[in-house]
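What follows is each chain in one-letter form.
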Amino acid sequence: MTSDLWLKTSGTWINVATILLGTAFGLLLKGRLPIAMQRIITQGVGLITLFVGSSMAGSFSKAQAGAIDGVILGLVALVLGGLLGEALRIETNLERIGNWLKHRFKGQGKFTEGFVAASLLFCVGPLALIGSLNNGLTGDNTLLVIKASMDGLVSIAFTSSYGMGVGFSALTILIYQGILSLAAGVLALAIPDPATAPPVMLSTGVGGLMILGLGLNLLEVAQVKVASFLPGLFLAPLLYWLADRLT
């Protein structure tokens, strides 16, 4: 039983480990780098985040439902998701969790910002979904190991700017990817080919726009309430299904 559980969730545990290791290295760097250099690291990560978000948003072109363009569906999913997220106070509740962790573990500085930003960046994206499904269905953790490597490197940069709050995003990863991996059998029936399925592409595009918002926040260009748009990720497949049936 234990070996089967490890087989299905091994990629998630490796991902958790790389985030914690990246956070440890980031904390070592944070104490040795002047503020100007920490700011440069944050700006570099912000620019890369914009690039990743733009690339993901390109998935809209693969999510057309009949005569309705994927961009239109993405807009509707994002707006409706944002309204629902505001009604549910998702951003506020995430910040409350971050503040509780900050108080509980005596965190300092931008602890909560680091926890929220890292949790969103590491969870929103196709690798988290497809990698978890592959790991849960076949035991193949290759995609999650690739993701884990990237998350570990990003954790170093994030931690040097935000502090130890980034490390606590490992809890979010453990819950999110762990549940996806364990539920892979059920999800695979609904999404037989997640790598190319239009509903997944639509969710990926919405996630890309959220990542763009996160990049703008990192660059201090704007203050986008990224977490409030999270319901849009789950509304996107439903909207695609409705649009496909109506057209």
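Residues numbered from 1 in each chain as written. Predicted model: local features only at pLDDT ≥ 70, side-chain atom pairs only at ≥ 80, totals over all residues. Heavy atoms only, no water.

(A) Looking closely at the confidence of the model for the protein chain. Taken as a whole, the protein chain shows an average pLDDT of 86; of its residues, 96% reach a score of 70 or greater. Confidence, expressed as mean pLDDT per element, reaches its minimum in the protein chain at helix α9 (residues 184-190) with 70 and its maximum at helix α3 (residues 70-88) with 93. (pLDDT = per-residue confidence, 0-100. Helix = DSSP H or I, 4+ residues; strand = E, 2+ residues; numbered from the N terminus.)

(B) Region of interest: the packing of aromatic side chains. All told, the structure shown has 2 aromatic pairs when counted by the stated rule. Ring centres 5.4 Å apart and planes at 50° place the aromatic pair phenylalanine 111 and phenylalanine 168 in the tilted group. Placement of the pair is phenylalanine 111 in helix α5 (residues 111-123) and phenylalanine 168 in the loop between α7 (142-162) and α8 (169-182), with a sequence separation of 57 residues. The pair formed by phenylalanine 111 and phenylalanine 168 is uniform in burial state, with each residue classed as buried. (Phe/Tyr/Trp six-rings, centres within 6.5 Å; stacked < 30°, edge-to-face > 60°. Buried < 20%, exposed > 50% of the residue type's maximum accessible area, 1.4 Å probe, protein only.)

(C) Here's a closer look at helix α4 (residues 90-104). The end-to-end C-alpha distance of α4, which contains 15 residues, comes to 21 Å, matching closely the 21 Å that a straight helix rising 1.5 Å per residue would cover. Of the residues making up α4, those classed as buried are Ile90, Glu91, Leu94, Gly98 and Leu101. An end-on view of α4 places all buried positions within 100° of arc, on one side of the element. Counted as exposed and oriented over 90 degrees from the buried face of α4: Trp100 and His103. Contacts made by the buried residues of α4 are with α3, α5 and α11 (231-246). (Expected span 1.5 Å × (residues − 1). Arc of directions from axis to C-beta. Contact = heavy atoms within 4.5 Å.)

(D) Molecular detail of the packing of helix α10 (residues 198-218) against α11. Closest axis-to-axis distance for the α10/α11 pair is 8 Å, and the angle between their directions is 145°. The handedness of the crossing between α10 and α11 is right-handed. Counting all contacts with α10, which are made through Pro198, Pro199, Leu202, Ser203, Val206, Gly207 and Met210, the residues of α11 involved are Gly232, Leu233, Ala236, Pro237 and Tyr240. A breakdown of the residues in the contact of α10 with α11 according to their chemical character gives 9 nonpolar, 3 polar and no charged. (Axes fitted to C-alpha atoms, helices over the stretch in contact; angles between N-to-C directions. Left-handed = near helix turned anticlockwise from the far one by under 90°. Nonpolar A, V, L, I, M, F, W, Y, C, P; charged D, E, K, R; others polar.)

(E) Expanded view of the environment of aspartate 69. By secondary structure assignment, the location of aspartate 69 is in the loop between α2 (35-57) and α3. Classification of aspartate 69 by relative accessible area gives partly exposed; the value is 36%. Along the primary structure aspartate 69 and glycine 213 are separated by 144 residues, whereas in three dimensions their C-alpha atoms are 22 Å apart. Among the polar contacts made by the side chain of aspartate 69, one reaches the main-chain amide nitrogen of valine 71 at a distance of 2.9 Å. (Polar contact = N/O pair within 3.5 Å; in protein donor to acceptor, adjacent residues only side chain to side chain.)

(F) Structural context of the environment of valine 116. Counting through the fold element by element, valine 116 comes out in helix α5. The class of valine 116 is buried, set by a relative accessible area of 8%. Put simply, valine 116 and threonine 172 are 56 residues apart on the chain and 9.6 Å apart in space, counted from C-alpha to C-alpha. Setting aside its immediate chain neighbours within four residues, valine 116 contacts Leu94 and Glu95.

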